[in-house]
Amino acid sequence: MKKILFSSLALALAAGAHAQQSNVTVYGTIDAGFAKVTDKTTAIAKGDSNRLGVRGVEDLGGGLKAVFQMEMRFEPDTGTVESGSRPLFQGQTRVGLQGDFGQIRIGRGVTAYLDAKDAFDPWNGVSSTAGFKGDLQVAGYNAQPLDPAGSSNDRFNNGLWYNSPTVQGFQFSAAIASKESNGGAAIVGRGTAAAPQFPANSQASALPFSLAAGWKSGDFSALLGYERNAIQTKVWGLHLGWQALPELKLTANYAKQDQNHSKALNSVTTAWVLGANYSVGAGKILFGYGQKKPDGAVSTKQTSLGYHHSLSKRTYVYVEASNKAAATSVRFFGAGVNHKF
Amino acid sequence: MKKILFSSLALALAAGAHAQQSNVTVYGTIDAGFAKVTDKTTAIAKGDSNRLGVRGVEDLGGGLKAVFQMEMRFEPDTGTVESGSRPLFQGQTRVGLQGDFGQIRIGRGVTAYLDAKDAFDPWNGVSSTAGFKGDLQVAGYNAQPLDPAGSSNDRFNNGLWYNSPTVQGFQFSAAIASKESNGGAAIVGRGTAAAPQFPANSQASALPFSLAAGWKSGDFSALLGYERNAIQTKVWGLHLGWQALPELKLTANYAKQDQNHSKALNSVTTAWVLGANYSVGAGKILFGYGQKKPDGAVSTKQTSLGYHHSLSKRTYVYVEASNKAAATSVRFFGAGVNHKF
Amino acid sequence: MKKILFSSLALALAAGAHAQQSNVTVYGTIDAGFAKVTDKTTAIAKGDSNRLGVRGVEDLGGGLKAVFQMEMRFEPDTGTVESGSRPLFQGQTRVGLQGDFGQIRIGRGVTAYLDAKDAFDPWNGVSSTAGFKGDLQVAGYNAQPLDPAGSSNDRFNNGLWYNSPTVQGFQFSAAIASKESNGGAAIVGRGTAAAPQFPANSQASALPFSLAAGWKSGDFSALLGYERNAIQTKVWGLHLGWQALPELKLTANYAKQDQNHSKALNSVTTAWVLGANYSVGAGKILFGYGQKKPDGAVSTKQTSLGYHHSLSKRTYVYVEASNKAAATSVRFFGAGVNHKF
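Residues numbered from 1 in each chain as written. Chains lettered and ligands numbered in written order. Predicted model: local features only at pLDDT ≥ 70, side-chain atom pairs only at ≥ 80, totals over all residues. Heavy atoms only, no water.

Regarding the overall build of chain A
Link 1 in the chain: Along its length, chain A carries 2 helices and 17 strands.
Link 2 in the chain: Computed over its C-alpha atoms, the radius of gyration of chain A comes to 22 Å, within 12% of the 20 Å expected for a compact globule of 341 residues.
Link 3 in the chain: Each of the three principal axes of chain A carries a C-alpha extent, and together these read 75 × 60 × 50 Å.
Link 4 in the chain: The buried share of chain A, taken over its 341 residues, is 55%.
Link 5 in the chain: Taking the intrachain contacts of chain A between residues at least 6 apart in sequence as the baseline, contacts between residues at least 24 apart amount to 50%.
Link 6 in the chain: Carbon and sulfur atoms make up 61% of the accessible area of chain A, which amounts to about 13,500 Å² in all. (Helix = DSSP H or I, 4+ residues; strand = E, 2+ residues; numbered from the N terminus. Rg over C-alpha atoms; globule rule 2.2 N^0.38 Å. Buried < 20%, exposed > 50% of the residue type's maximum accessible area, 1.4 Å probe, protein only. Contact = heavy atoms within 4.5 Å. Areas by Shrake-Rupley, 256 points an atom, 1.4 Å probe, with all protein chains shown as cover.)

A short note on the interface of chain A and chain B
Link 1 in the chain: Contacts between chain A and chain B engage 54 residues on the former and 41 residues on the latter.
Link 2 in the chain: Between chain A and chain B, the buried area comes to about 4,100 Å², and carbon and sulfur atoms account for 69% of it.
Link 3 in the chain: Counting across the interface, chain A meets chain B through 1 salt bridge.
Link 4 in the chain: With a shortest N-O distance of 4.0 Å, Glu58(B) and Arg314(A) are connected by a salt bridge.
Link 5 in the chain: Applying the counting rule to chain A against chain B returns 8 residue pairs in polar contact (both at pLDDT 80 or more).
Link 6 in the chain: Top element by residues in the side of chain A that touches chain B is strand E1 (residues 24–37) of chain A. It accounts for 7 residues.
Link 7 in the chain: Looking at the side of chain A that touches chain B residue by residue, the classes come out as 23 nonpolar, 23 polar and 8 charged. (Buried area = accessible area lost by both parts, 1.4 Å probe. Salt bridge = Lys/Arg side-chain N within 4 Å of Asp/Glu carboxyl O. Polar contact = N/O pair within 3.5 Å; in protein donor to acceptor, adjacent residues only side chain to side chain. Nonpolar A, V, L, I, M, F, W, Y, C, P; charged D, E, K, R; others polar.)

Overview of the relation of the copies chain C and chain B
One copy of the chain maps onto the second through a rotation about an axis and a displacement along it.
Link 1 in the chain: Taken as rigid bodies, chain C and chain B are interconverted by a rotation of 120 degrees and an axial shift of 0.0 Å, the fit giving an RMSD of 0.0 Å. Read as a symmetry element, the transformation amounts to a three-fold axis. (Least-squares fit on C-alpha atoms with pLDDT ≥ 70 in both.)

Remarks on the environment of Ala112(A)
All names here are of chain A.
Link 1 in the chain: By the secondary structure assignment, Ala112 is in helix H2 (residues 112–116).
Link 2 in the chain: Residue class for Ala112 comes out buried when judged on its relative accessible area of 7%.
Link 3 in the chain: As a C-alpha pair, Ala112 and Ser267 span 155 residues in sequence and 24 Å in three-dimensional space.

A short note on the relation of the copies chain A and chain B
Link 1 in the chain: It takes a turn of 120 degrees to lay chain A on chain B, together with a shift of 0.0 Å along the axis; the resulting RMSD is 0.0 Å.
Link 2 in the chain: Interface overlap between copies: only 7% of the residues of chain A at the interface are likewise at the interface in chain B, consistent with a contact formed by different surfaces.

Some points on the side chain of Ser49(B)
Residue and element names in this part refer to chain B.
Link 1 in the chain: For Ser49, the position within the fold is in the loop between strand E2 (43–45) and strand E3 (50–61).
Link 2 in the chain: Judged by relative accessible area, Ser49 falls into the buried class, the value being 7%.
Link 3 in the chain: Polar side-chain contacts of Ser49 include one of 3.2 Å to the side chain of Arg73.
Link 4 in the chain: Side chain to side chain, Ser49 and Ser127 meet in a polar contact 3.1 Å long.
Link 5 in the chain: Those residues in contact with Ser49 that sit more than four places away from it in its chain are Thr29, Arg73, Glu82 and Ser127.

Quick look at the pattern of salt bridges
Link 1 in the chain: Counted by the stated rule, this structure contains 35 salt bridges over all chains.
Link 2 in the chain: Across the pair Lys133(C) and Asp118(C) runs a salt bridge whose closest N-O atoms are separated by 3.2 Å. In this pair, Lys133(C) sits in the loop between helix H2 (112–116) and strand E7 (155–163) while Asp118(C) sits in the loop between H2 and E7, placing the two residues 15 residues apart along the sequence.
Link 3 in the chain: Residue class for Lys133(C) comes out buried when judged on its relative accessible area of 17%.
Link 4 in the chain: Overall, Asp118(C) belongs to the buried group, its relative accessible area being 6%.
Link 5 in the chain: Here the salt bridges do not stand alone but share partners, grouping Lys46(A), Arg51(A), Glu71(A), Arg73(A), Glu75(A), Glu82(A) and Arg86(A) into one network.

Limitation: the analysis is restricted to geometry and does not speak to function.
Here it is as structure tokens:
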């Protein structure tokens, strides 16, 4: 058949077809196993976020590259989108350019600081119940408090990201997002139930932003981060890493959250987390201990121990256990398989 | 640009990028055509489930492999997810390992018995209106009665699957799922409208499981299956196949469903289905006849005739017709194209 | 592990795996940037539709091919499906055959006329705020008025498409869709609020169809289109293109919409749009001016100016501005990056 003459869509698609496609990658993670939590029956569960994404790099010449990434999240036990209600591309949707100047991206994704800190997490950023990333490591800070309940806590919608190149071991990242209205329930804050500080659909009080500065020299690495969300909660943190032996990595994390803008009393929370990863052949032992102390309230203390056994660079099986103690204690035991493609 | 230092996500993705990716396959089925059903106007419809999936196998060495599969379902006439309301990955989301011991998978998918019986279906498991798989072949059994209305009937959420290797023509499969709460409407069962046996959000009464044992010798094959769902409905069936001629396959299916746990009267349904597939060059004639007899109620009798003409190994066009007679009769005529990729 | 014996799904998938897969393409567009609209704060926005799709062609021999395409749409700033509520595969889901006779497809997609006219659009069919495609170029016509609010305006659900081959520069396309019920709110039309002409869930009054005839000779091209939707609104248009210089394309568009069937007064709307695209090296200057005049109501007048700078065949950066004046004026300024893969 001869080609169709007057179809802009056909033309657009044809253009895509002719273009070089080799740098587009379909990737993902599927992680499923068993979990037993105090007072609940053993259930099928995930140990890590489950992902299906597409990403690509196009070489534009002169050192310039176009980059994009879009990533779905889903529940492996029921086949729904993450939590049954999150956006289709919960993981991220970003497009941008990179070159000698670094990388600029626009869209939705994890904030600069919250993304960078995962490298110092005892669980390496895996969002297991045994992990520390969402709660202790950043003192329970939430980057998107105005999003509907059930949203993850570490992303910016409507954001702009900059990552500097690495110069003499130093690298800097920043993200800023546009002011959004409160898409979730009213946040009482320093208001009253009748007149909440952030009513539903009200405007955010500030432009959220996130800053991260990292440094690596020999066996040592360090990260300093600062972030402010749309209701002016602030968090800063210092994260240190030491590759003490070829098979032993030690990390230490400190973070302080200030909710003074939306909380009249006891608005400061501090937290610290220590981690160790010890490799034994194809295995890796993970250990973490941390405390979170909200000013004037009871502490949360978590101890976690895990063993990840690599079957390949892309696949590992795991067992892990943790005890999280606050007013009550929650014990967790999990086992499963994690496969990346 | 130099690589970004402190981004666990970037590191994780980079790891994926370096890994061997050649065994990841994007696959799917798109099937659309016309359907005319008694008392309805001719409409655009599908003759088979429409799928878009990703699956992969990773060789871990020593005969061990990691396997995964995730499959979306959609409506080709409107572009929505299947039925407009099903989970994004309605088809399945499973990850597991296979080796000499067989295959173990975790996640969501079709149950062991309901999956295996499709090989004996006159329509080979294609979910056409002319087919027998969901209703007659298993006496109308529903594997997930606690899921919201509109869910498909043959899957386990939160499941664990085992498939044995094939030894001397014999193969065994089993699946078990964790107890889930009733996510749909209340099921009166042996209760009353005021006090239903399975209220909404109530706990299932049993762990659902599914067993299938198959045997193949020369031109003969047989399958024996048994399954029990979360409200203790049981079904068992015997399925026989005979490749009578190189171009002729004959099948016979018998199934019995027992709803005694949730139905006080007439709780047993029996069903049988006979099928024939006859190949003529690129064409295949499909014929099926079956009856379903709920104890103490009117029978359902279905006769179906179809012709599938292969344009390639991946593409066929079809015409099919059926008459399903119970209290009233429904005649169906369909034609369309089915393409796999 | 030996293969699993009695799994129709495994067999179906294995068949897919053995089949030739090289013609399946994962493609997409990701476009994100900044937008400033009169009286609104600067926000992250898109300049074009964001897409992730899969399409393929299978050579069936003898000049016959099987074709399919399925396309998701999404919002790059929040990661949701398009508008947060559209079907998963909002772009299209179609399957069909093509050969010497042309191309026949079934499913969901842009109508024949509304697809073809984009080649004459000053913005080449890009759905930017600065563009003309959805409003002025077709006098504000809506191809699917019975779909829920928020649906796009240029598609048929449940449709059948035919595209002729191009013979001596002439090509013809047609689409027809089955009668659907009103899935959106009641449309008062020529009825009353109490007894609307098209109540919710009422039947459409007509089979919608769409016709497009295009002609191309040397530097000149022309398109004549006619379309009628399910509530019998009609639109027809004439679209002319002239490649005046190798670097200069000029277009002229005229359209007339007749809503007489559902509107008692002032039911006719006429519109015209003039466009120019001027290439300068890797850059392209886009200019458009148009007017839409609903019979007996105030005119809409739009002037748009844009500059698209190609970084490659697949990637461009853009700045664009427009002024749309009716009872009030809306000024728009946008900038961003568009990447196709």
